[in-house]
Structure formats: structure tokens, C-alpha cells
Amino acid sequence: MHVTPPSPPLKRVPPAAWTVLAWWAGLVFTFLIRFRLPGESGPAKLAGPLFFEWDGLTWLVVSTALAHVAAVLLRRRPLPALGLLLAAAVLACVPLGVAEIPLAQFLAVDAALYFIAAGRARRTGILALLGALTVLAGYLTVRVLAGWPAGTSAELAVAMTAVIAWLVGHSVRQAREHAETLAATATAQAVAAERLRLSRELHDTVAHSIGVIALQAGAARRVIDTQPGRAGQALGVIETVGRETLSGLRRMLGAMRHGEPSRPLDPAPGLSDLDQLVATTTDAGVHVEVRRLGERRPLPPEIDVSAYRIIQEAITNVVRHAGTSRCQVSIDYRDDELAVEILDGGRGARRPQEGGFGLVGMRERVNLLQGSFSAAPRAEGGFRVTARLPLPAEAR
């Protein structure tokens with residue numbers, strides 16, 4: 001059973017909590033720098049005339065309440081929430097007696113900009129950034145028009161933090177979208193590969209059996225009046241092959257129905273099942289001679305299955321198209337590859353090579369294993385199919 005690992009603790013903290021934390025961090029910092037800290041000759045910032053008065057503390061309480069409301073709204077209505085945070089930042093400046101909106105009062109806005117840019121549409125993120133920069137510019141403009149001192153340099157630094165927060169959030173959103181695109185592409189490729197695999201399995205499972213059934217049915221029809229015994233044997237072969245094919249189809253459809261198409265279809269045939277394939281084909285009227293060269297040894301599953309399927313499809317083509325009663329299969333266990341060859345002496349020159357899926361499927365199997373494949377009529381008559389499947393180093 002697949003278990004999803006838990007996300008890191010920091011990632012489980014909601015954006016609202018980070019926004020509130022940023023506001024309180026800025027508020028605490030605002031108070032600290034207005035006291036003389038150890039090692040300092042005096043406070044880093046002088047307190048405004050209203051800072052320690054009830055009027056000033058009321059402004060700070062109101063702005064803090066707005067910041068908390070904005071944090072609650074941030075997930076559902078990001079732009080109104082950002083508007084409340086900007087209002088809180090402006091109101092918090094009233095008791096401070098400062099010429100600009102300090103960075104400490106803008107930390108919560110920066111946090112909100114990050115989360116909006118990271119989690120919302122690009123248009124929403126851009127509107128949020130423009131709104132924050134507009135408030136900063138408007139604050140300075142009002143002070144300049146009123147003839148009050150304006151901390152333009154300090155405000156530019158605050159504006160830079162807003163842009164950086166937006167850029168970081170935008171980068172996070174782009175990285176997530178890229179990862180989602182890669183995941184969707186990988187899923188589509190996996191689905192396409194799975195469909196191709198199932199189509200190959202379906203073709204390989206059915207094509208050979210249908211060819212044998214058609215051949216046996218034709219033989220039974222010809223001798224049913226004169227040799228009922230042979231006709232009965234042919235019908236028996238048809239029944240057996242039909243049941244085996246139906247059983248394989250049920251397994252395949254069952255795997256698809258239960259959402260496990262990537263599960264190996266049971267059983268997965270290999271070269272060890274070649275004798276049964278030869279016996280079935282011989283019963284259908286085509287004698288198959290098998291020659292094994294080299295030292296027989298276990299093969300990787302993908303090579304074993306592919307070699308069997310290539311031989312099965314080639315023999316099926318002999319049964320259906322060659323018009324001959326014999327074919328030869330050679331399996332050569334070489335040091336660095338497995339070579340397979342299927343020869344027949346039938347109607348190779350007239351055999352259809354286009355429009356079907358048999359040769360295409362064989363070629364695809366070989367290409368996936370980085371091997372070489374050829375299928376063509378022989379000069380002396382008949383048809384030759386060859387496949388060379390390279391072996392991995394551990395299988396040599």
C-alpha cells in the first residue's frame with residue numbers, strides 16, 4: 001500500500017497564521033526599537049508624541065484588529081484582505097510620527113503578497129502588487145503635497161521588499177505549474193504506453209488463436225462428411241483454443257476493470273511456453289521445427305516475453321498467409337544478444353506487409369529493447385522474420 005509521506009511542519013502552517021505572525025513580529029520590533037536596548041546609548045527610533053498615549057495605542061489596536069480580519073479573509077478573498085492589510089499598515093503609522101510606512105508595518109503585506117502570487121492567478125498577483133506599490137506611492141505623495149517630511153529612500157526600500165516577495169511567490173507558482181505539467185505529461189505518456197501494451201497483448205493473445213481456429217474450422221468443414229473423426233478432432237482443437245483465448249481476455253479485462261492495468265498479465269508467456277505454441281500450431285496443420293543454438297540460460301523478463309511474442313506473431317502470419325505446411329524457428333543464445341529467426345517457404349512475395357498490426361507490433365517491441373528487426377520475402381521463396389535483442393550486462 002502506498003503511503004504519502006507527511007508534509008514538513010512549516011508547510012502545514014496556513015497563510016493566515018504566517019500573516020498574523022508577520023504583523024506581530026513587526027509590531028514587537030516597532031516597540032523594541034523605541035526603547036534603549038543593551039549596548040545602545042539611546043533608542044534607535046524616537047517615539048512619536050502619541051505612541052505611548054491612549055490615542056496612539058488605540059490606533060495600534062485598531063490596525064492590529066484589521067490585520068487579523070485580513071488574515072482570515074486572505075484564503076477566500078485575497079484582494080480585499082490585502083486592502084485591509086494596507087489600511088492597517090497606514091493606520092499603524094499615525095502614532096509613530098514617521099515620514100514613511102516602515103518595513104515593520106509592511107511585513108504582513110509582504111507575506112500576503114507572497115501567498116497571493118504563489119497561490120492565485122497571475123492577474124490577481126499583479127493586481128495585488130500594483131495595489132501595494134500604489135499605497136506606498138500615495139502615502140509619500142500626500143506627505144509631499146501637505147508639506148510634511150517624506151522618507152522617500154526608506155519607502156523605496158519597502159517597495160523593493162514588496163516586489164521581492166511577489167517575485168518569490170510568482171516563482172513558486174511557476175515551479176508548481178511546471179511540476180504539474182510534467183506530472184500530467186508523464187501520466188499521459190504512461191497511459192499511452194499502457195494502451196499500446198494492452199493493444200499488443202490483445203493482438204498477440206487473439207491473433208494467433210483466431211488463425212488456428214480459422215484453419216481448423218476450414219479443415220473440419222472439408223472432411224466433416226468423409227472423415228467425421230478428423231472433423232471432431234479439429235472441433236476439439238477449436239474448443240480448446242477458444243477457451244484459452246477467452247480465459248486470457250477475461251484476465252486482461254479484469255485487470256483493466258479493477259484499475260490495475262500496469263499489473264503484469266498472468267500468465268506472462270516466455271520461451272519456456274514455446275513447446276505448447278508449437279503443438280497448437282502443429283495441430284492446426286503447420287509443422288514448426290525449433291532449433292536452439294548456444295547455451296540456454298535465463299533471460300530478462302522483457303526479452304523473454306518479447307522473443308516469445310515475436311515468434312508467436314510470425315508463426316501466426318505463416319498460418320494465415322503463407323499457404324505452407326512447414327516453418328522453421330531458430331533461437332540463438334549469443335554472448336551479447338538473443339537472435340530469433342523464423343523462416344517459411346510459402347507465398348512470401350504476395351504476403352501483405354502493410355495495413356495490419358502484426359509486423360508493426362513486432363518492430364515496436366524490438367525498438368523498445370534497442371534491438372534490430374527485419375521482415376521481408378526471401379529470394380528463394382518464402383518469408384523471413386529476424387529479430388536481434390541485445391542483452392543487458394548482468395544477463396550475459
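Here goes a summary of the coordinates provided. (Residues numbered from 1 in each chain as written. Predicted model: local features only at pLDDT ≥ 70, side-chain atom pairs only at ≥ 80, totals over all residues. Heavy atoms only, no water.)

1. Some words on the overall build of the protein
Secondary structure assignment for the protein yields 10 helices and five strands. If you sum the accessible surface of the protein, you get close to 22100 Å²; carbon and sulfur atoms cover 61% of it. (Helix = DSSP H or I, 4+ residues; strand = E, 2+ residues; numbered from the N terminus. Areas by Shrake-Rupley, 256 points an atom, 1.4 Å probe, with all protein chains shown as cover.)

2. Examining the pattern of salt bridges
Scanning the model with the defined rule gives seven salt bridges in all. In this structure, D332 and R334 form a salt bridge, with 2.9 Å as the shortest nitrogen-oxygen distance. Using a relative accessible area of 18% as the deciding quantity, one classes D332 as buried. Classification of R334 by relative accessible area gives partly exposed; the value is 32%. The partner of E337 in a salt bridge is R334, with the nearest N and O atoms 2.7 Å apart. Here the residues in one salt-bridge network are D332, R334, E337 and R388, joined through shared partners. (Salt bridge = Lys/Arg side-chain N within 4 Å of Asp/Glu carboxyl O. Buried < 20%, exposed > 50% of the residue type's maximum accessible area, 1.4 Å probe, protein only.)

3. So, the nonpolar core
Nonpolar side chains in soluble globular proteins generally cluster together in the buried interior. Membership of the largest hydrophobic core comes to 37 residues, with the highest contact counts inside it found for W23, L82, L85, I101, F106, V109 and L113. Listing elements by their share of this core, those giving two or more residues are helix 1 (15–32), helix 2 (54–73), helix 3 (78–92), helix 4 (103–119), helix 5 (122–145) and helix 6 (152–223). With eight residues, the top contributor of residues to this core is helix 4. Residues within four places of W23 in sequence aside, it is in contact with S63, T64, A67, A88, A89, A92, Q105 and A108. (Core = buried A, V, L, I, M, F, W, Y, C linked by side-chain atoms within 4.5 Å. Contact = heavy atoms within 4.5 Å.)

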